Amino acid sequence: MTEEPRVRTVLGDIDPAELGVTDAHDHLFFASRLLPGQELDDLTAAKEVLARFKMAGGSALVQWTPFGLARRTRELARISEELGVHVVTATGLHRAEHYAPAALSRVVDDLVRVFVADLTEGTQPADRPDEPRTGPRAGLIKVAGAFHTIDSHARLTLTAAAVAHQETGAPIAVHLELGTAALEVAELLCEKLDVPPDRVILGHLNRNPDQQIQREVAETGVFLGFDGPSRANHATDWRLFDGLEALVEAGHGGRILLGGDTTTAAARHQPGAASLLTTLVPRLTKLLGGDVVTAVLVANPARAFATSWPE
């Protein structure tokens, strides 16, 4: 008997209808060797971000920080419970450059086991394979492509994510480096590795605002992540609205997800989770209509992150 789809949050599994207005891609905690001194590691600051998001009307946030990058899952559970905001955390592995070689070597040959255990047993607060799994379970797998290609590391992690998906049903969220290689990633996961398209979320499509590519990606049936405004590639921000409008007009509104994607301490003071609702949503409502925007923020995430989890 197939289990009813549930969203796996840091406080347990919930009915997708309970998720509500969702920031589908963000980070309350994140630390990478590529960003020294910019770690998101302040519990008080994370709580303030989530509180502002709630005050703006948000009810759920999905953290895409994967294994090994200081995702602090126990703290996520604590602030989720304190504030009454649903939070989903991730397993997975980012691009190799984000990790010290020694840390990467500890898990790279055993990724499927790490991913599945994070999803079904619990996470390791210190993100070490020898630590007890006392943290909450992850609700998605986050991996990454490379710039305009799928390099050997990306192929390894994408393949491991596909196997972990087959064992658990978990959705796979993919960081596209500057929004590139979207079609290649969709082809690998969905056509070659047999992951259903509606179990795949491709992030950062706003950073490569090629409307033809975006439409072709939408036609594969995957979910499309627009994580903006984009501090990493802000020159493309003004094209976000044209791209979203074109996708909706082409009948792909049911595939769009929105996220803030704050990844550095400096970006705490720039548009993020709350601004999705205070700045972006009013403009999108005028452009696309309230029903479309509500679907993007509520109905689409409820489908994207719900899984019939195995017992």
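Preceding this paragraph is the structure being described.
For clarity, every value in this text was computed on a predicted model and none was experimentally measured.

Cut-offs applied
- For every chain, the first residue of the written sequence is number 1, and numbering continues from 1 along that sequence.
- Per-residue local features are limited, in this predicted model, to residues with pLDDT of at least 70; the limit for side-chain atom pairs, both in listing and counting, is 80 or more; totals at the level of whole chains, interfaces and linings are taken over all residues.
- Each side-chain value is worked out from all heavy atoms of the structure, with water and hydrogens disregarded.
- Residues belong to a common nonpolar core when they are buried Ala, Val, Leu, Ile, Met, Phe, Trp, Tyr or Cys residues joined through side-chain atoms within 4.5 Å.
- The buried label applies to any residue whose accessible area, calculated with a 1.4 Å probe on protein chains only, is under 20% of its type's maximum; exposed applies above 50%, and partly exposed to all values in between.
- Only DSSP runs of H or I reaching four residues or more are called helices, and only runs of E reaching two or more are called strands; each is numbered from the N terminus.
- We call two residues in contact when some of their heavy atoms are within 4.5 Å.
- The term salt bridge refers to a side-chain nitrogen of Lys or Arg lying within 4 Å of a carboxyl oxygen of Asp or Glu.

Draft legend 1. Representation of the nonpolar core within the structure. Counting residues in hydrophobic clusters, the biggest one holds 73 residues, and the most contacted among them are Leu189 and Leu202. Ranked by residue count, the leading element in this core is helix α9 (residues 273-288), at 7 residues. Here Leu189 is in contact with Leu158, Ala162, Ile172, Val174, Asp194, Val195 and Val200, once residues within four sequence places are set aside.

Draft legend 2. Just the pattern of salt bridges, in detail. The tally for this structure, following the rule as stated, stands at 13 salt bridges. For Glu75, the salt bridge is made with Arg72, and the minimal N-O distance between the two is 3.4 Å. Judged by relative accessible area, which is 23%, Arg72 ranks as partly exposed. A salt bridge links Glu219 to Arg215; the shortest N-O distance between them is 3.5 Å. With a gap of 4 residues between them, Glu219 and Arg215 both fall in helix α7 (residues 211-219), about one helical turn apart. Judged by relative accessible area, Glu219 falls into the exposed class, the value being 52%. Look at Arg215 and you get partly exposed, because its relative accessible area is 43%. Residues joined by salt bridges that share partners form a network here, namely Arg71, Asp118, Asp127 and Arg133.

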